[in-house]
Amino acid sequence: MQERLQKLIAAAGIASRRHAEELIKAGEVTVNGALVTELGTKADPEKDHIKVRGKLINPSLQKRANVYVLLNKPRGYLSSVSDPEGRPTVLELLPASMGRLYPVGRLDFNTEGLLLLTNDGDFTNFITSARNKVEKVYEAKVKGVPEEQAIQRLRRGVVLDDGDRTAPAKVRKIGETESNAWFEVLLHEGKNQQIRRMFDLIGHTVLKLRRSRIGFLRDDELKPGKWRRLSENEVKLLMKNRPRAKPKTTSKSHVAGHGSSR
């Protein structure tokens, strides 16, 4: 089956999909000996010889198996595969024997809670795409006690500091003291530091943030820094509304078909 080259490169554990796109544009990828530099080009790993920097990646693709992991991310870890500043990443919490995995979305450096990791690009795209409405639930401790009118603004959606508008969100107060309040926030999207920026807009700094649920997944027994594999049934349930694949079309060339790069 034909797939986009950047997806195949990522599946082979060579690089993330974004880095794979950079490799393609830099002229580091060939298919059947022909240089490929256009994003969106497709190939069939069962029929085409795909090389990255001169190395054939087909053997890696043939033995790949999809892995799905649920991690309870502690504070002080990046949701990334590497960091030029040398800060710890979530991959350091997993055994190297699991192969190259990628975070599904991200949690901020100082945010705790549930994070999925996988080598399945389709799974990642489905979970992170706002149109699929996979719920992400967070528990936020904020400085001070916001007025109900301010919380209503967050529920309707607000314009962030970069001009981007958030979608409507469910925000529910779950606790309060004289100096702090706790809220449960349900989102279908995941803009950079979204919840922190939302509460900053109404003048209440987020002091602590934890993601407690992804879709139906909620694992209160999973301690910070610990992980477990998802069952096959859990993966199917998370993707139960996945769109059906379009009927295949025949093509004279295996290195054909161009579409969006993401």
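Residues numbered from 1 in each chain as written. Predicted model: local features only at pLDDT ≥ 70, side-chain atom pairs only at ≥ 80, totals over all residues. Heavy atoms only, no water.

Q: Explain the packing of aromatic side chains to me, using residue names and the numbers behind them.
A: All told, the structure shown has two aromatic pairs when counted by the stated rule. With a centroid separation of 5.6 Å and an interplanar angle of 45°, the aromatic rings of phenylalanine 183 and phenylalanine 199 are classed as tilted. One end of the pair, phenylalanine 183, is in strand S12 (residues 180-187); the other, phenylalanine 199, is in helix H6 (residues 194-201), and 16 residues separate them in sequence. A single burial state applies to phenylalanine 183 and to phenylalanine 199, both of which are buried. (Phe/Tyr/Trp six-rings, centres within 6.5 Å; stacked < 30°, edge-to-face > 60°. Helix = DSSP H or I, 4+ residues; strand = E, 2+ residues; numbered from the N terminus. Buried < 20%, exposed > 50% of the residue type's maximum accessible area, 1.4 Å probe, protein only.)

Q: Explain the nonpolar core to me, and be specific about the residues and the numbers.
A: Ranked by size, the top nonpolar core spans 31 residues in total, and within it Leu117, Leu154, Val171, Phe183, Ile195 and Phe199 carry the most contacts. At the level of elements, strand S7 (68-73), strand S9 (112-118), strand S10 (136-143), helix H5 (148-156), S12, H6 and strand S13 (206-214) are the ones that each hand at least two residues to this core. The element best represented in this core is S12, accounting for four residues. Beyond its immediate stretch of four places on either side in the chain, leucine 154 contacts Ala169, Val171, Met198, Phe199 and Ile202. Counting residues in hydrophobic clusters, the runner-up holds 18 residues, among them Ala11, Ala43, Ile50 and Leu61. (Core = buried A, V, L, I, M, F, W, Y, C linked by side-chain atoms within 4.5 Å. Contact = heavy atoms within 4.5 Å.)

Q: Tell me what's going on with the environment of arginine 155, and back it up with residues and numbers.
A: Mapped onto the elements, arginine 155 comes out in helix H5. Judged by relative accessible area, which is 24%, arginine 155 ranks as partly exposed. Along the sequence, arginine 155 and valine 235 sit 80 residues apart, while their C-alpha atoms lie 30 Å from each other.

Q: Explain the pattern of salt bridges residue by residue, including any values.
A: Counting across every chain of the model gives 20 salt bridges. The salt bridge partner of lysine 7 is aspartate 122, with a shortest N-O separation of 2.7 Å. Pair noted here: lysine 7 is in helix H1 (residues 5-11) and aspartate 122 is in helix H4 (residues 121-128), with a separation of 115 residues, a long-range link. We classify lysine 7 as buried; its relative accessible area is 16%. Its relative accessible area of 28% is what places aspartate 122 among the partly exposed residues. Its salt-bridge partner being glutamate 234, residue arginine 228 comes within 3.0 Å of it at the nearest N-O pair. With relative accessibility at 15%, the residue glutamate 234 sits in the buried group. (Salt bridge = Lys/Arg side-chain N within 4 Å of Asp/Glu carboxyl O.)

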